[in-house]
Amino acid sequence: MKRETQRLSRIRNIGIAAHIDAGKTTVTERILYYTGKTYKMGEVHEGTATMDYLRQEQERGITITSAVTTSYWNEHEIQIIDTPGHVDFTIEVERSLRVLDGMVEVFSGVEGVEPQSETVWHQADKYRVPRLAFINKLDRLGADFFRVVEMMADKLGTNPIPLQIPLGIEDGFYGVVDLITMKGIVWDEESLGATFHDVSLPHEAEEVAREYREKLLEKLSLLDDDFMERYLEGDTIDEAFVHATIRKGTIALKCVPVVCGSALRNKGIQPLLDAIVNYLPSPLEVPPVEGINPATEMAEHREARVDEDLCALAFKVVMEEGRKLVYIRVYSGKLAVGEEIYNVNLGKKEKVSRIYRIHANHKDRIEEARVGAIVGVVGLKETSTGHTLVRTKPIVLEPIGMYQPVISIAVEPRRNVDQEKLLQVLQRITEEDPTFVVKTDEDSYQTVISGMGELHLDVISRRIKEEFGIDLHVGKPQVVYKETIDHAASVEHVFEKVINNITYKGSVALALSPNKRGEGIAIIPRILETEPEFPFVAPIEEGIREAGQIGAIKGFPLTDVRVEILKASFNNPDFARLTLKMAAYDGFKKACQDAGPVLLVPIMSLTVTVPNEFLGEIIADLHSRKCQIVNISAKDRITEIQAHAPLTKMFGYSTDIRSLSQGRGSFTMYFSHYDRVENE
C-alpha cells in the first residue's frame, strides 16, 4: 500500500490550455522532446507537430482534438492533455478540465491575456483546477513579461506570483532569473536547449531581481502563517520551505506561480517541468471524486486508492480503424484486460478487451490501469462521453456539461452513390462528438447536421471530404421553427371511401385548445367516458399525431395543442382503422386552420460573460435582439448576464460580441424552449 501511495504521489495529470496561437502546442512538443518522448522536434508552423495529428490541424495550425500523452520527468509521470484553443471547441476544453488535476495556462508575452484565455480560466475556476502560468514568446517584438503579469491580476482577478523574470527581452532574450535561488539560467543553443547552466546574476538584472524576490516572499507570507513569522523576523528561509509554501498555495487555489520562456527558441521548458512536478497536485492531493448513488440518490465519494471499487469516467470517444477507443480517467480502484465492468449510465456490463497508454498518435498496450491513470480502452461498445464505469458499487459522476448544438446546415453528397457511406460516416462522428447532431428532414429527405458554430461544422465537412473522400454540397444555416394554435376550435369530420361500389365511412369529432408551453401534443380520449369499450382509439390518435407533423403555416411540426376525442363512428368494422385514422387526420388539420395557427421560435438560454466596462453596450445589443434578460450577476471585474434569446436574432452573435467587447466577451448558448416572438 505504501508503494502504491508513493506511485500516486509521483503522478501529475495536467492539461495545457491557451488562447489560439499563444504557442501551446509548441510548448507541449518541447516537453515531449526534453522528457525523451520524441527524438525530433515538431514545429507547428512546419505542420509536423506530434500532438496535432489530424490532417486539418496540421494545415490550419490549430489544435482541434485533445490528444493525451504520457511523459516522465525527475521520476514523475506526467500525463498531458493538449486542449484546443478555439472557442467553437470549448466542449473539448470542458471535457479535459473534468479529468485533470492541474493545468498550465500558456500566455503570449506579446498579446497577454486574450479572450479565450479568459474563457478557459473561468471554466477552470468552475472545476476548481489548480493552475500555473507560462509566459511564452518573450523573444518576439513587443513582448513584455511584467505587463502580462499585471493583466493576469486585472483581467482574471487572480494572484500571480512570478518565480522567474526574463534576462533580456525581444531579440535580446537569452535566459531567466530564478527568484528562489537568485541565479540566472541560460540555455545552450547547440543542443537545441537540451542543456542549460546556472550563471551568476548579471549586474543589470540585480536590482529588478531583488525587488521581485522581495515581492515573492511578501506574497508567500500572506499564504502561510509560519512563513509570515519567519519573514517578519528576518530569518533565513530555505528553498524547500519556499517550494512547500508555493505548492500549498497553488493547490488551495490561492496563487498562480508564473514562469517564462520562449518555446520556439527552446528556452524555459525544463524549469516549467520542474514547476509542474513541484507545485501541481498529484491524484492524492485533490478532493475525492464525488457523484450520486443512483439507488439512494445521495452524494457519495471515492477515495484515490487502489483497494477502493473501480470508478472511472469516459471523457472522449474516438473511432480508429473501425474500432471504438474510449479515453477514460481512473479515479479509484483498477481496471484489467479481460474484465467485465458496469456502465452505470446505461445499466449494462461491458468487457475490456485492450488497454492502451496513449502517446499523441501511437499506443502502447498495457495489462492494467490503476488509480490516477488516463488510458484508452477498446471493447466498450456502448460507452459514450460522460459515462461512469464501476465494478460493483454504482455511482454517477456529474456528467460533463454538454452544450446543445445551435446551428444547422443541410448536406448532401455530390454523387448519389455516396449517400449510404455519408450516413455511416456521420453516425461515426456523432459517436465521437456529443455536440454534433444528425437528422433526416422527412419532407425534403435532406440530411441536416447541427453543431456548436460555423467553424465546428466547417471542420466536420472538411473532415468528411479528406478522411472519407466524400464531396459535399453544403446548404445555408437554418433555424427549425414549430407551430401551435392561438385559440380553441372544434370539428366533426367524415371520411368516405368507395371500394367496389361500397361506401366505407368514418366520422370523428375533435375539440382543440392551446396547451401550456413545452407540454407538446396531449390527446384525451373523452369518448371512453361514454363508450368504455370503444376499440379504435389508437388509430384516431395515430391520425392526429401524423397530422401534427405538418403545420398549417409553413409545414413545421405542431406542438402545445390539447386534443379531446369527443365522438367517433364507423359503418364497417373491417375498414374502421383506416377510415377513423383518415377522418382524424383531415379533421385535425381543418381544426388547426380554424384555431389561428401561429409560429414558434426556438428560444435559447444565453449566458454572456463580459468585463464590467462593456456591460452597457452588451445589454443594449441584447435588447435590440428581443432578448429577455433573466439575471445579471457581478463577479469581481466580470459580469455574467443570463437571458432568453430568440435564435433567429442570434446569427452572427459571436462576431458582434467580439467587436462590442474588444474580443473579451464570451457566451454559451443552448436550446431552452419554443415560444412566440412578435413580428416573426
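All of these numbers come straight from a predicted model, not from anything done at the bench.

Peer 1: Tell me about the overall build of the protein chain, and please be specific about residues and values.
Peer 2: Secondary structure summary: the protein chain contains 17 helices and 37 strands in total. Element-wise, carbon and sulfur atoms account for 49% of the exposed surface of the protein chain, whose accessible area totals about 30,500 Å².

Peer 1: Explain the pairing of strand 33 (residues 561-570) residue by residue, including any values.
Peer 2: Note: strand 31 (residues 502-514) against strand 33, nine bridges, orientation antiparallel. Residue pairing across strands places Ala511 opposite Glu564, the latter belonging to strand 33. One ladder, built from four bridges, connects strand 32 (residues 521-524) with strand 33; its direction is parallel. Among the inter-strand pairings, Ala522 is bridged to a residue of strand 33, identified as Arg562.

Peer 1: Break down the pattern of salt bridges for me, with residues and values.
Peer 2: Taken as a whole, this structure holds 28 salt bridges when the rule is applied. With a closest N to O distance of 3.4 Å, Glu75 and Arg10 form a salt bridge. Of this pair, Glu75 sits in the loop between strand 2 (68-73) and strand 3 (76-82) while Arg10 sits in the loop between helix 1 (2-9) and strand 1 (11-18), placing them 65 residues apart in sequence. Judged by its relative accessible area of 67%, Glu75 is exposed. Overall, the relative accessible area of 29% leaves Arg10 in the partly exposed class. Ionic pairing is found between Lys581 and Glu542, a salt bridge with its closest N-O pair at 3.1 Å.

Peer 1: Lay out empty space enclosed by the protein in plain terms, naming residues and giving numbers.
Peer 2: Throughout the structure, instances matching the rule amount to one cavity of 30 Å³ or more. Volume-wise, the largest cavity comes out at about 40 Å³. Around the largest cavity, the lining is made up of ten residues, and of these Glu118, His122, Thr609, Arg664 and Ser666 lie nearest the centre. Every element with two or more residues in the lining of the largest cavity is listed here: helix 5 (115-126) and strand 34 (597-611). The greatest single-element share of the lining of the largest cavity, amounting to four residues, is contributed by helix 5. A per-class count over the lining of the largest cavity returns four nonpolar, four polar and two charged.

Peer 1: So what about the sheet that holds strand 27 (residues 447-451)? Which residues, and what values?
Peer 2: Across a sheet, paired strands are connected by hydrogen bonds in the backbone, their directions being either parallel or antiparallel. Strand order in this open sheet of four strands is 26-27-25-28, and the pairing throughout is antiparallel. Of all the strands in the sheet, the pair left with one neighbour each is strand 26 (437-440) and strand 28 (472-474). Here the strands of the sheet are splayed against their neighbours by 30° on average, with no regard to which way each runs. Sheet topology places strand 26 next to strand 27; four bridges connect them, and they run antiparallel. By the bridge assignment, Thr440 is partnered in strand 27 with Thr447. Across the sheet, helix 11 (residues 419-432) is in contact with strand 25 (407-413), strand 26, strand 27 and strand 28; its angle to strand 27 comes to roughly 20°.

Peer 1: Could you give an account of unusual backbone geometry, with specific residues and numbers?
Peer 2: For Glu170, which is not glycine, the phi dihedral falls at a positive 55°. One can find Glu170 in the loop between strand 7 (164-167) and strand 8 (175-178).

Peer 1: Let's hear about the environment of Leu100: which residues, and what values?
Peer 2: Its place among the elements puts Leu100 in the loop between helix 4 (90-99) and strand 4 (102-108). For Leu100 and Gly15, which are 85 residues apart along the polypeptide, the C-alpha to C-alpha distance reads 6.5 Å. Sequence-distant contacts of Leu100, defined by excluding residues within four places in its chain, comprise Asn13, Ile14, Gly15, Ile81 and Arg329.

Peer 1: Report on the nonpolar core, specifying residues and quantitative values.
Peer 2: By size, the foremost hydrophobic cluster in this structure holds 66 residues, and its most contacted members are Ile31, Val104, Met152 and Leu272. If one sorts the elements of this core by residue count, helix 10 (residues 269-279) sits on top with seven residues. Look past the residues within four positions of Val104 in its chain and what remains in contact with it is Ile14, Gly15, Ile16, Ala17, Leu132, Phe134, Leu272, Ile276 and Leu280. Judged by nonpolar contacts, the second largest core, of 29 residues, contains Val508, Ile523, Ile540 and Leu558.

Peer 1: Quick rundown of the sheet that holds strand 31? Include the residues and the values.
Peer 2: With mixed pairing, the four strands of this open sheet are ordered in space as 30-31-33-32. Where the open sheet ends on each side, the last strands, each with one partner, are strand 30 (489-499) and strand 32. The mean inter-strand angle of the sheet, taken between neighbouring strand axes irrespective of direction, is 25°. Packed on one face of the sheet, helix 14 (residues 537-547) meets strand 31, strand 32 and strand 33 and runs near 135° to strand 33. Running at roughly 40° to strand 31, helix 15 (residues 576-594) makes contact with strand 30, strand 31 and strand 33 of the sheet.

Peer 1: Break down the packing of aromatic side chains for me, with residues and values.
Peer 2: The final tally for this structure, using the stated rule, is eleven aromatic pairs. Where Phe315 meets Tyr327, the ring centres are 6.1 Å apart and the plane angle is 55°; that geometry is what we call tilted. You can see Phe315 sitting in strand 14 (residues 311-320) and its partner Tyr327 sitting in strand 15 (residues 323-332), a full twelve residues away along the chain. Using a relative accessible area of 2% as the deciding quantity, one classes Phe315 as buried. Take Tyr327: its relative accessible area is 1%, and that puts it in the buried class. Their ring planes at 85° and their centres at 6.4 Å tell us that Phe534 and Phe536 sit as a pair that is edge-to-face. Phe536 carries the same exposure label as Phe534, and that label is buried. The side chain of Lys554 reaches across the aromatic face of Tyr481, ending 5.7 Å from its centre.

Peer 1: Give me the lowdown on the side chain of Thr579, citing residues and values where you can.
Peer 2: Within the secondary structure, Thr579 sits in helix 15. Excluding residues within four positions of it along the chain, Thr579 makes contact with Phe495, Tyr504, Lys505 and Gly506.

Peer 1: Describe the side chain of Thr484, naming the residues involved and giving the relevant values.
Peer 2: Relative to the elements of secondary structure, Thr484 occurs in strand 29 (residues 482-485). A distance of 2.8 Å separates the side chain of Thr484 from the backbone oxygen of Thr559, its partner in a polar contact. Residue contacts for Thr484: discarding those within four places in its chain leaves Arg517, Leu558, Thr559, Asp560, Val561, Gly596, Pro597, Val598 and Leu600.

Peer 1: Explain the packing of helix 14 against helix 15 residue by residue, including any values.
Peer 2: Packing of helix 14 against helix 15 brings their axes to within 7 Å, and their N-to-C directions diverge by 35°. Judged by the twist between their axes, the crossing of helix 14 over helix 15 is right-handed. Facing helix 14, whose interface residues are Pro539, Ile540, Glu542, Gly543, Ile544, Glu546 and Ala547, helix 15 presents Arg577, Leu580, Lys581, Ala584, Tyr585, Phe588 and Lys589. Taken together, the residues that form the contact of helix 14 with helix 15 break down as eight nonpolar, one polar and five charged.

Peer 1: So, the pairing of strand 12 (residues 289-292): which residues are in play, and what are the values?
Peer 2: Residues Val289 and Gly291 line the buried face of strand 12, whereas the alternating positions Glu290 and Ile292 sit on a face that is not buried. Two elements, strand 12 and strand 13 (residues 299-302), share four bridges in a ladder whose sense is antiparallel. Pairing of Glu290 across the sheet is with His301, part of strand 13. Hairpin connection between strand 12 and strand 13: a loop of six residues separates the two successive antiparallel strands, and Glu297 in this loop has a positive phi of roughly 60°. Where strand 12 and strand 24 (residues 396-397) come together, two bridges link them in antiparallel fashion. For Ile292, the partnering residue across the bridge sits in strand 24 and is Val396.

Parameters at a glance
Residues numbered from 1 in each chain as written. Predicted model: local features only at pLDDT ≥ 70, side-chain atom pairs only at ≥ 80, totals over all residues. Heavy atoms only, no water. Helix = DSSP H or I, 4+ residues; strand = E, 2+ residues; numbered from the N terminus. Areas by Shrake-Rupley, 256 points an atom, 1.4 Å probe, with all protein chains shown as cover. Pairing = 2+ DSSP bridges. Salt bridge = Lys/Arg side-chain N within 4 Å of Asp/Glu carboxyl O. Buried < 20%, exposed > 50% of the residue type's maximum accessible area, 1.4 Å probe, protein only. 1 Å grid on protein atoms, 1.4 Å probe; cavity = no way out; pocket = protein on both sides within 12 Å on 5 of 7 lines; lining within 4 Å. Points joined across faces, edges and corners; volume = space filled by probe spheres on them. Nonpolar A, V, L, I, M, F, W, Y, C, P; charged D, E, K, R; others polar. Axes fitted to C-alpha atoms, helices over the stretch in contact; angles between N-to-C directions. Contact = heavy atoms within 4.5 Å. Core = buried A, V, L, I, M, F, W, Y, C linked by side-chain atoms within 4.5 Å. Phe/Tyr/Trp six-rings, centres within 6.5 Å; stacked < 30°, edge-to-face > 60°. Lys NZ or Arg CZ within 6 Å of the ring centre and 35° of its normal. Polar contact = N/O pair within 3.5 Å; in protein donor to acceptor, adjacent residues only side chain to side chain. Left-handed = near helix turned anticlockwise from the far one by under 90°.

Any link to function would need more than the numbers given here.
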